[in-house]
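# Descriptive structure summary
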Amino acid sequence: MTRKLWFLAVLFVALITVSGGTASAQAVDARKALEAAAKAMGTTNLKSIQYVGDGFVAKVGEQYNLTDGWPQVQVTDWTRTVDYDGKYTRVDYDEKQGGAHVTNVLNGDFAWDMNGDTPVPLTRMYLDGVPYVDMRQLEIALTPHGCIKAGLAATDAKAITQPIVGPSDFGLSAFGQWVTIVSFSYGKYRVNCTITDKNLVELTGTWIPNPVYGDMTYEMRYTMYKDYNGVMFPGLIHVHQGDPRINPGENYFQIYTKDVKPNLAVSKIAVPEVVRTAKLDPVKVETQKLADHVWLLGGGPMNSVLVEFKDFVAVVEAPQNEARSLAVIDEVHKLVPGKMIRYVVNTNHRMIYAGGLRTYFSQGTTVVTHESNRDYYVGILFSPFPRTLAPDRMTTYNPMYMISRRPPPIETVGGTTMMGGTVISDDERQMQVWHVQDMAYEVGESYLKIPGPSLARGNHSADMLMAYLPKEKILINADLYVPAEPGAKPTPPTAGMRTLNLNMKKLKFDVAQHVSIVGQRVGSNDEFVKLIGNAQ
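Bear in mind the structure is a predicted one, so any value in this text is a computation, not a measurement.

Analysis parameters
- In this numbering scheme, every chain counts its residues from 1 along its sequence in written order.
- Reporting of local features is limited, given that this is a predicted model, to residues whose pLDDT is at least 70; pairs of side-chain atoms are given and counted only at 80 or more, and all residues count toward the totals for whole chains, interfaces and linings.
- The side-chain values count all of the structure's non-hydrogen atoms but skip hydrogen atoms and water molecules.
- Both site types are read off a 1 Å grid over the protein atoms alone. A 1.4 Å probe that fits but cannot get out defines a cavity, while an open set with protein on both sides within 12 Å along at least five of seven lines defines a pocket; lining residues have an atom within 4 Å of a point.
- Grid points are joined across faces, edges and corners, and a volume is the space filled by probe spheres set on the points.
- For the purposes of this entry, the term helix denotes a DSSP run of H or I that reaches at least four residues, the term strand denotes a run of E that reaches at least two, and both are numbered from the N terminus.
- The classification used treats Ala, Val, Leu, Ile, Met, Phe, Trp, Tyr, Cys and Pro as nonpolar, Asp, Glu, Lys and Arg as charged, and all other residues, Gly among them, as polar.
- Among the buried residues, those of types Ala, Val, Leu, Ile, Met, Phe, Trp, Tyr and Cys that are joined through side-chain atoms within 4.5 Å form a nonpolar core.
- Partly exposed describes any residue whose relative accessible area lies between the buried limit of under 20% and the exposed limit of over 50%, with all areas from a 1.4 Å probe on protein chains only and scaled to the type maximum.
- Any two residues whose heavy atoms approach within 4.5 Å at even a single point are treated as in contact.
- A helix is expected to span 1.5 Å multiplied by its residue count minus one.
- We call two N or O atoms a polar contact when they sit within 3.5 Å, provided that within protein one can donate a hydrogen and the other can accept it, with sequence-adjacent residues counted only if both atoms are side-chain atoms.
- When DSSP locates at least two bridges between a pair of strands, those strands are taken to pair.

On to empty space enclosed by the protein. The full count for this structure, using the stated rule, is 1 cavity of 30 Å³ or more. There is about 50 Å³ of room inside the largest cavity. Around the largest cavity sit Tyr51, Trp78, Arg80, Glu139, Thr143, Met220, Tyr222, Ile237 and Phe253, which together line it. Within the residue set of the lining of the largest cavity, elements represented by two or more residues are β3 (72–83) and β12 (214–228). The class makeup of the residues in the lining of the largest cavity is 6 nonpolar, 1 polar and 2 charged.

Here it is in C-alpha cells:
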C-alpha cells in the first residue's frame, strides 16, 4: 500500500509539472523557427509568386452603421504578383458590381494605381492615415512567404511557442495545438508571424496608423494549404482591418485561391515619371463666403463650414485627420478672431468624415453627433490610450482632465427611428441639426436597388445628420447631394438626392443654397429641383 501511494504521489507531481509546462509560453530561437517554416513551405528558393482567386474586397470605414461589417464588393480573378527581391507587387481584380477593373502597383519605394494604361499617382494617404507605399510594402511582408523572408532579414526577431487553448475559427490552430509566434520590426512597424506545429504560416499581422482607430489592426489568415511544385500556399486568405472592440467582423478581403505560380518571371511596370514626381496633396484651406457670418472652408477633398454666432463659432464637419483640422482651426481664428469654437457638428461616423474630431475634442469643443455614436466615440475615437504610430495632439499632451471631472463634451441628436433635431443658436441666428431619415418605408416604395434584406440606404449612413440655416436658407449635407462642377454633365437623380429632397419636404425647409462636405461647388436649390425632376 505504501509503495502504491508513493507511486501515485510521484505520478501526480509529474502530471502537474507537465501540465504546468505546457500551459505557459516559452521563448524559442526565432531564426530556427523561421528556417523550419521556410523549409516546410518551400520559401528558401522562392523568388516570386503569383496567386489568383475569387472572393470579395471591402470598403474600410464606410459601413452603414456601427454593427455592420465593411461593405463588400464581390470580385473575380483577384491576382497578386510578388517579386520578393525586387520589392514589387501588383494586384488586379474585376468587380462584379459595375464591372470595374482595379490595378494597384508597388515598385520599390513608389506606389500608384492604373486606370487602363494611365498611371494614377496616389496623392492622399490610405484612409488619411498611412502612406500607400508603407501599406503595400507591408502587404508583401504579410504574405505567408514574405513574412518568413522579412523575419529572417530582421535583426530584432524574437519568438515564443505556446498552445492555443479552446476553439478558433477558419481552421486555425485550436484545442491545445502549439504555435510559434515570431515578432520583428519592419521599418517603423511591428510584424507578427504565427507558425503552426506543422511549420505553416497561419497568421500574419501588424498595426497601421488611422485617424479614428489609432494603431489599427491589420491581420491576414492563411488556411487550407496545398502543395504547388514544392511550394505550400493557402487555399483560403481571410483578412481583417479594424478594431475588434467595435465589430469582430471587419473583414477587409477574402479570397479562395484557384491558381498559384511559384517563381514565375515577373514583368514589372516601370515607375512612371508622373508617379516619381508626385507628392501628397498639401493641406490648405480655401475660404468662400456663403452669407454674412457663414463661410465654406474648402481647398481639400473634404470641406467644413464655419458659422459665426454672437459670442462663439460653430464648425460643421471635421473630416480626414488632424492635419486638416489644425489647418481649419487656424483659418477659423483668422476669420473670426477672439471667438472660441464651441461646437463641431459631425454628420456621420464614417472614417473620412470623423477623422479630425479628436483635435476639436482635445481642446474642449462640444461634439454634436448622432446618439448612436456616443459610446463609440468616447471608447474608441476619443480614447486616451497611446497612439504609437502617428501620435496626435491629444496623445502627446493628453488633456483628459477635461473630461475626467465632468461628462465628455458630446451633444447627441436623433434616434434610430425618430428624426430628432437640435438647435445651436443665439439672438441673431440659429443652426438646426437634424437626423436624416431614410424615407423608403414612409413613402411606401422601394426606390433603392440594394441587395440584401434592408433597403435603408438612401441616407448613406444610419446616423446621418444635416445642418440647416433658416435665416441664410443654406442646407449642409455630407454627400447625399454633391453639386456638379462647372461644365460637368448633370447626374440623374440618386437615392441620396431623393432622400434629401424628401427630408427637406417633410421638415418644410426653404433652401436657396446646397453645400456638400464633398466637392468644391455650392449649388442652388433651383438646380437641385431641376435635377430631381419628377422623382419626388
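Across soluble globular proteins, nonpolar side chains show a tendency to be buried alongside one another. Counting residues in each nonpolar core, the largest one holds 91 residues, and the members touching the most others are Ile49, Trp78, Phe253, Leu357 and Phe382. Apart from residues lying up to four places away in sequence, Leu357 is in contact with Ala318, Val344, Asn346, Val367, Tyr377, Leu381 and Phe382.

The next thing to look at is helix α6 (residues 322–335). For an α-helix the count is 3.6 residues per turn, leaving residues at separations of three or four pointing the same way. In this model α6 runs 20 Å from its N-terminal to its C-terminal C-alpha over 14 residues, within 8% of the 20 Å that 1.5 Å per residue would give. Taken as a whole, α6 has its buried residues at Glu322, Arg324, Ser325, Ala327, Val328, Ile329, Glu331 and Val332. Two to three positions downstream of the cap, the backbone nitrogen of Ala323 sits 3.4 Å from a side-chain oxygen, assigning the N-cap of α6 to Asn321.

Once that is clear, we can look at unusual backbone geometry. The phi dihedral of Lys87 falls on the positive side, at around 50°, and the residue is not glycine. Secondary-structure assignment places Lys87 in the loop between β3 and β4 (88–95). Positive phi, normally seen in glycine, also occurs at Phe170, with a value near 60°. For Phe170, the location among the structural elements is in the loop between β8 (158–163) and β9 (178–186).

A separate point is the pairing of strand β14 (residues 251–262). When a strand is regular, its side chains alternate between the sheet's two faces. Bridge analysis of strand β2 (residues 48–58) against β14 gives 9 bridges, and the strand direction is antiparallel. Of the residues in β14, the one forming a bridge with Gln50 is Lys261. As defined by bridge partners, strand β13 (residues 231–242) adjoins β14 across 5 bridges and the pair is classed as antiparallel. Residue pairing across strands places Ile237 opposite Ile255, the latter belonging to β14.

Let us now look at the environment of Glu317. Structurally, Glu317 can be placed in the loop between β18 (313–316) and α6. Exposure remark for Glu317: the relative accessible area of 0% places this residue in the buried category. Through-space distance from the C-alpha of Glu317 to that of Val368 is 9.6 Å; in sequence the pair is 51 residues apart. The contact partners of Glu317, leaving out residues within four places of it in the chain, are Asn303, Ser304, Val344, Val345, Asn346, Thr347, Asn348, Tyr353, Ala478 and Ile517.

This part is about the layout of surface pockets. Taken as a whole, the largest pocket holds about 1,000 Å³ of empty space. Surrounding the largest pocket, 44 residues form its lining, Ala58, Lys59, Tyr126, Tyr132 and Tyr252 being those nearest its centre. Of all the elements in the fold, those that place two or more residues in the lining of the largest pocket are β2, β3, β4, β5 (101–107), α3 (132–141), β14 and α7 (351–354). Per-element tally for the lining of the largest pocket: the top contributor is β4, with 5 residues. Among the residues forming the lining of the largest pocket, the class breakdown is 26 nonpolar, 6 polar and 12 charged.

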